[in-house]
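The primary structure of each chain is shown beneath.
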Amino acid sequence: WSSGVCSSDLARVDASKGQITQASGRAGVEVMSEHRDDYTGLNRETAVGVSWPLELGRRQARINVAVDQSAQAALTANELARQVATRVRLAAVRALAAERLLALTTQTVEAHHQWCDLLAERVRAGASSPLDRDAAEIELRLGQAAVAKLRGEADARWVELRAAAGLDPTAAISLTETLEEAVAAIRRDALSETA
């Protein structure tokens, strides 16, 4: 679920660990040089300076700041990973719910199709009126239109899931959780956050 976390966030955590190492070392020596010429070219001055910082009690403060920055970077990366996981899980629940609704509606339409076939036979046998058959066929067409609409909505939910997970829009996706398991996991996560 954490595939959407930016590599730059993880790199920031690694860089902050390097800052701790850098802060633990002694302060570096600074060498400065300056060269001056007057406009006539007769007078020239060159100065070289060396600066060696005194670290009276400063190194530990520097280390503490680096440790705090590293902890903050790790917390930020963890929070971003949690947010991405939540977005992906919610998108997965929406996709699974859309598929469930599509499957239920498809089953209903298939049952209605069988009912239409039975009504057609009854009309041929003179046991039902053609009006009943025609009304049932209209309902069947409406149901088929609803299935087509739900298929489009389910496809859109899968696209949203791929986007939330940082996948290619055409990538094949397979979920190991059922709708009930995914909803239960979201409830568990919500309860653990409030506890």
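Predicted, not measured: the structure shown is a model, and the values here were computed from it.

Caption draft 1: View of the confidence of the model for the protein. The share of residues in the protein with pLDDT of 70 or more is 89%, and the mean pLDDT across the chain is 84. Taken element by element, the protein is modelled with least confidence in helix α1 (residues 7–24), mean pLDDT 71, and with most confidence in helix α3 (residues 130–165), mean pLDDT 94.

Caption draft 2: Representation of the packing of helix α2 (residues 58–125) against α3 in the model. Closest axis-to-axis distance for the α2/α3 pair is 8 Å, and the angle between their directions is 165°. Taken together, the axes of α2 and α3 lie roughly antiparallel to each other. For the element pair α2 and α3, the recorded crossing hand is left-handed.

Caption draft 3: View of the side chain of S70. Of note, S70 is situated in helix α2. For S70, a relative accessible area of 10% corresponds to the buried category. Excluding anything up to four places from it in sequence, S70 contacts S16, K17 and I20.

Caption draft 4: Layout of helix α4 (residues 179–194). In a regular helix each residue adds 1.5 Å, so 16 residues correspond to 22 Å; α4 covers 23 Å between its end C-alpha atoms and thus fits that length. Taken as a whole, α4 has its buried residues at L179, A182 and A185. End-on view of α4: buried residues confined to an arc of 130°, all on one side of the axis. Exposed residues pointing more than 90 degrees away from the buried face of α4 are listed as R187, R188, L191 and T194.

Caption draft 5: Structural context of the nonpolar core. The biggest cluster of nonpolar side chains holds 10 residues, and these are A98, L102, V109, C116, L119, A136, L140, V147, L150 and A154. Residue assignment for this core shows that the elements contributing at least two residues are α2 and α3. Sequence-distant contacts of V147, defined by excluding residues within four places in its chain, comprise L102, T105, T106 and V109. Core analysis: the second largest hydrophobic core is formed by eight residues, V84, V88, A91 and A165 among them.

Caption draft 6: Spatial organisation of a nonpolar patch on the surface. A contiguous nonpolar patch, built from V29, V31, V48, V50 and W52 and spanning about 560 Å² of accessible area, is present on the exposed surface. Mapped onto the elements, W52 comes out in the loop between β2 (44–51) and α2. Given the relative accessible area of 58%, W52 is considered exposed.

Caption draft 7: Representation of the pattern of salt bridges within the structure. All chains considered together, the criterion is met by 11 salt bridges. Note that R82 and E79 form a salt bridge whose closest N and O atoms lie 2.7 Å from each other. In this pair, R82 and E79 both sit in helix α2, three residues apart, roughly one turn of the helix. A salt bridge links R89 to E177, with the shortest nitrogen-to-oxygen separation between them at 3.0 Å. Of this pair, R89 sits in helix α2 while E177 sits in the loop between α3 and α4, and the two are 88 residues apart along the sequence.

Caption draft 8: Region of the structure containing the side chain of S128. Summarising the element assignment, S128 is placed in the loop between α2 and α3. Within the structure, S128 has its side chain in polar contact with the side chain of R122 (distance 2.8 Å).

Caption draft 9: Representation of the packing of α2 against α4. Their axes nearest at 9 Å, the elements α2 and α4 cross at an angle of 150°. Put simply, α2 runs roughly antiparallel to α4. As α2 runs across α4, the sense of the crossing is left-handed. For the pair α2 and α4, the contacting residues are R82, R89, L90, V93, L96, A97 and R100 in the first and L179, E180, A182, V183, A185, I186, D189 and E193 in the second. Here the contact of α2 with α4 is composed, by residue class, of nine nonpolar, no polar and six charged.

What counts, and at which threshold
- Each chain carries its own residue numbering, running from 1 in the direction its sequence is written.
- The predicted nature of this model means local features are confined to residues of pLDDT at least 70 and side-chain atom pairs, given and counted, to a pLDDT of 80 or more, with totals for whole chains, interfaces and linings taken over all residues.
- As a rule here, side-chain values come from all non-hydrogen atoms in the structure, and water together with hydrogens is ignored.
- pLDDT expresses, on a scale from 0 to 100, how confident the predictor is about each individual residue.
- Numbered from the N terminus, helices here are DSSP runs of H or I no shorter than four residues, and strands are runs of E no shorter than two.
- Axis angles are defined between N-to-C directions and span 0 to 180 degrees, where every axis is a line fitted to C-alpha atoms and, for a helix, only to the segment in contact.
- Geometric relationships in this document are graded by angle, where less than 35 degrees denotes roughly parallel, more than 145 denotes roughly antiparallel, 65 to 115 denotes roughly perpendicular, and other angles denote oblique.
- Each crossing gets its hand from how the near helix is turned against the far one by less than a right angle, where anticlockwise is left-handed and clockwise is right-handed.
- Only protein chains enter the accessibility calculation, which uses a 1.4 Å probe; a residue is then buried when its area is under 20% of its type maximum, exposed when over 50%, and partly exposed in between.
- By the convention used here, residues are in contact when the closest approach between their heavy atoms is within 4.5 Å.
- By this rule the span expected of a helix is its residue count minus one, scaled by 1.5 Å.
- Read the arc as the range of directions from the helix axis to the C-beta atoms.
- Think of a nonpolar core as a cluster: buried Ala, Val, Leu, Ile, Met, Phe, Trp, Tyr and Cys residues, connected wherever their side-chain atoms sit within 4.5 Å.
- Nonpolar side chains (Val, Leu, Ile, Met, Phe, Trp, Tyr) are joined into patches within 5 Å and like charges within 9 Å, using only residues with over 30% relative accessible area and no salt bridge.
- Each accessible area value is a Shrake-Rupley result obtained with a 1.4 Å probe; residue values ignore everything except the protein chains displayed when judging cover.
- Any Lys or Arg side-chain nitrogen found within 4 Å of a carboxyl oxygen on Asp or Glu counts as a salt bridge.
- Residues adjacent in sequence count toward polar contacts only when both atoms are side-chain atoms; beyond that, a polar contact is any pair of N or O atoms within 3.5 Å, and within protein one must be able to donate a hydrogen and the other to accept it.
- The residue classification treats Ala, Val, Leu, Ile, Met, Phe, Trp, Tyr, Cys and Pro as nonpolar and Asp, Glu, Lys and Arg as charged. All others, Gly included, are polar.

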